[in-house]
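Tertiary structure, described
Listed below, chain by chain, are the residues.
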Amino acid sequence: MRTIDDLDVAGRRVLVRADLNVPLEDGRITDDGRIRASLPTIEALRTRGARVIVCAHLGRPKGQVKPEFSLAPVARRLGELLGTDVTFASDVVGDSARAAAEGLADGGVALLENLRFEPGETSKDDAERGALADRLAALAEIYVGDGFGAVHRKHASVYDVPRRLPHAAGGLIAAEVEVLKRLTEDVERPYAVALGGSKVSDKLGVIDNLLGKADRILIGGGMVFTFLKAQGHEVGESLLEEDQLDTVRDYLRRAEETGVEFVLPVDIVAATAFAADADHAVVAADAIPADRLGLDIGPESGKLFASRLADARTVFWNGPMGVFEMEPYSHGTRAVAQGLIDSGAFTVVGGGDSAAAVRRLGFDEAAFSHISTGGGASLEYLEGKTLPGLQALED
Ligand SMILES: Nc1ncnc2c1ncn2[C@@H]1O[C@H](COP(=O)(O)OP(=O)(O)O)[C@@H](O)[C@H]1O
Ligand SMILES: O=C(OP(=O)(O)O)[C@H](O)COP(=O)(O)O
């Protein structure tokens, strides 16, 4: 893969695809880790006199303009962190984007509005994605891929634009790949993988491959309930992927055959509503009341998970164990984070929210071997899959 050092960027317009998908609460950024992680590449390009046009997505607005998914707050924060004005374009490839790109001076920075306001960005149709990619490519002369968290997406800005412009990988992608490679080569065992979070349908699939690689798979977060249901337990109003039940039963059976250990929670914090002030109680994992939803693993599960991490030599963790953003449901995530640290293993935490959780709960980032900006991306990398965003940079 070419890196930005191989490019002559002075005075040229460079389109940087970053992952600036940060958590927001009431329009306020609650964790700017992904913006900070994008700075070195943007700064390196500016220093060399490039005119930097940053593009990124926020959340999943599904091809519609939804003001709550605007990147405007991110543009402000990016400007503060860079210590310079960032021109914010109010569209992706329209008049505002073109004017922002054309108005840049050498070393200047612009940010385009949320790429996912354009249906072409996430379209499965090559022509529809291609049409958006043509318009994005027309804004710049060079493309730099640096949004590691999105490299597993075959999206216009990730996959199609680099095929239209001279391109290179930014420093973040290069650094992430370097560390994750270690987990695909000779891992020190026991190798434990902890999975949680809310993107259940996206991430259940990776277990198929992990069954051949990991020694232990710990399941928490929104993942839990499809497992509990597959074992025949009721899960009340909890997050559930009904159409994945057979797949999960197959995983449980294969794990037994191959000696891979699934570690499932034994207790759950079950609440009457998805709210911090909702009535909540610890219940046995096989006795979730019909009118409640599970929002965290319980205290016994926290201890169990920590004990199954204690002698691991390698740990990969993606996905918070509960709704850590609300204090009553943050304890499971805290227990697992502490378990990783106490293990003394080679520990990698991946994912926008997992990384945010580690920081929000007050852990020292340096206590982990690596904190990756990508959850789904690092999981798919570990599976050995060809990631569209990396493939496009290699071609
Ligand atoms: N039991 C649960 N029910 C619903 N949401 C959950 C549950 N446990 C965790 N979550 C949510 O999962 C989200 C993070 O999921 P995900 O995006 O998959 O992780 P990451 O960004 O680290 O890859 C968090 O916002 C958290 O509140
Ligand atoms: O937050 C992200 O991924 P992650 O939650 O797996 O870390 C990336 O920005 C990708 O977002 P997407 O999963 O909506 O494509």
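Note that the coordinates shown come from a computational prediction; the quantities given were computed from them, not determined experimentally. (Residues numbered from 1 in each chain as written. Chains lettered and ligands numbered in written order. Predicted model: local features only at pLDDT ≥ 70, side-chain atom pairs only at ≥ 80, totals over all residues. Heavy atoms only, no water.)

What follows is about the UniProt feature "binding site: substrate" (unreviewed entry) in the chain. In the UniProt entry, the feature "binding site: substrate" (unreviewed entry) is given for Asp19, Leu20, Asn21, Arg34, His57, Leu58, Gly59, Arg60, Arg116 and Arg153. Here, the second largest pocket is lined by Asn21 and Arg34 out of the annotated residues. Assignment of secondary structure puts Gly59 in the loop between strand S4 (51-55) and helix H2 (72-82). If near-sequence neighbours (up to four positions away) are discounted, Gly59 is found in contact with Asn21, Phe69 and Arg116. (UniProt positions renumbered as here; feature names shortened; annotations may be inferred. 1 Å grid on protein atoms, 1.4 Å probe; cavity = no way out; pocket = protein on both sides within 12 Å on 5 of 7 lines; lining within 4 Å. Helix = DSSP H or I, 4+ residues; strand = E, 2+ residues; numbered from the N terminus. Contact = heavy atoms within 4.5 Å.)

What follows deals with the site of ligand 1. Within the structure, ligand 1 sits among 21 residues, and Lys203, Asn318, Glu325, Asp353 and Ser354 are positioned closest to it. With respect to ligand 1, the backbone of Gly294 contributes an N or O atom lying 3.0 Å from a nitrogen atom. Taking Gly352, its main chain carries an N or O atom lying 3.4 Å from an oxygen atom of ligand 1. Here ligand 1 loses 91% of its free accessible area of 580 Å² to cover by the protein chains. Counting only elements with at least two residues in the shell around ligand 1, the list comes to strand S14 (293-297) and helix H14 (352-360). Examining the composition of the shell around ligand 1, we find that three residues originate from one element, H14, more than from any other. Taken together, the residues of the shell around ligand 1 break down into four nonpolar, 13 polar and four charged. (Near = heavy atom within 4 Å. Polar contact = N/O pair within 3.5 Å; in protein donor to acceptor, adjacent residues only side chain to side chain. Areas by Shrake-Rupley, 256 points an atom, 1.4 Å probe, with all protein chains shown as cover. Nonpolar A, V, L, I, M, F, W, Y, C, P; charged D, E, K, R; others polar.)

On to the packing of aromatic side chains. Counted by the stated rule, this structure contains one aromatic pair. Taken together, a centroid distance of 5.3 Å and an interplanar angle of 55° make the contact between Phe227 and Phe262 tilted. Linking Phe227 in helix H10 (residues 224-230) with Phe262 in strand S11 (residues 261-263), this pair joins segments that are 35 residues apart in sequence. A relative accessible area of 0% means that Phe227 is categorised as buried. Residue Phe262 is classed as buried on the basis of its relative accessible area of 15%. Taking the ring centre of Phe346 as reference, the NZ or CZ of Arg182 above it sits at 3.8 Å. (Phe/Tyr/Trp six-rings, centres within 6.5 Å; stacked < 30°, edge-to-face > 60°. Buried < 20%, exposed > 50% of the residue type's maximum accessible area, 1.4 Å probe, protein only. Lys NZ or Arg CZ within 6 Å of the ring centre and 35° of its normal.)

In the vicinity of ligand 2 lie 15 residues, with Arg60, Arg116, Arg153, Lys199 and Gly376 positioned nearest. Contacts to ligand 2 include Arg153, whose side-chain N or O atom sits 2.6 Å from an oxygen atom. Contact with the protein chains covers 96% of the free accessible surface of ligand 2, which is 390 Å². Among the residues making up the shell around ligand 2, the classes are represented as no nonpolar, eight polar and seven charged.

Moving on, we get to the UniProt feature "binding site: ATP" (unreviewed entry) in the chain. UniProt records the feature "binding site: ATP" (unreviewed entry) at Lys203, Gly294, Glu325, Gly351, Gly352, Asp353 and Ser354, using the numbering of this structure. As for the annotated residues, the ones lining the second largest pocket are Gly351 and Gly352. In this structure, Gly294 sits in strand S14. The residues contacting Gly294, other than those within four sequence positions of it, are Phe225, Ser238, Ile268, Val269 and Ala270. In this fold, Glu325 is placed in the loop between strand S15 (314-318) and helix H13 (331-343). Given a relative accessible area of 33%, Glu325 falls into the partly exposed group. What Glu325 contacts, discounting residues up to four positions off in sequence, is Glu25, Asp353 and Arg360.

Reading across from one edge, S13-S12-S14 is the order of the three strands in this open sheet, with antiparallel pairing throughout. In the strand order of this sheet, the two ends are held by strand S13 (280-284) and S14, each with one partner. Adjacent strand axes in the sheet meet at a mean angle of 40°, parallel and antiparallel pairs treated alike. Relative to S14, helix H12 (residues 299-310) is tilted by about 40°, and along the sheet it contacts strand S12 (267-271), S13 and S14. (Pairing = 2+ DSSP bridges. Axes fitted to C-alpha atoms, helices over the stretch in contact; angles between N-to-C directions.)

Scanning the model with the defined rule gives 31 salt bridges in all. The shortest N-O distance in the salt bridge between Arg12 and Glu141 comes to 3.7 Å. Taken together, the residues span a long stretch of sequence, with Arg12 in the segment before strand S1 (13-17) and Glu141 in the loop between helix H5 (126-137) and strand S7 (142-145) at a distance of 129 residues. Under the relative-accessibility criterion, Glu141 is labelled partly exposed at 30%. Look at the salt bridges and you will find they share partners, linking Asp208, Asp250, Arg253, Arg254 and Glu257 into a network. (Salt bridge = Lys/Arg side-chain N within 4 Å of Asp/Glu carboxyl O.)

Another aspect to go through is unusual backbone geometry. Residue Pro190 is reached from Arg189 by a cis peptide bond, and omega for that bond is 0°. Structurally, Pro190 is set in the loop between helix H7 (171-184) and strand S9 (191-195). With phi around 50°, Asp26 is a residue other than glycine that occupies positive phi space. Turning to its location among the elements, Asp26 is positioned in the loop between strand S2 (24-25) and strand S3 (28-29).

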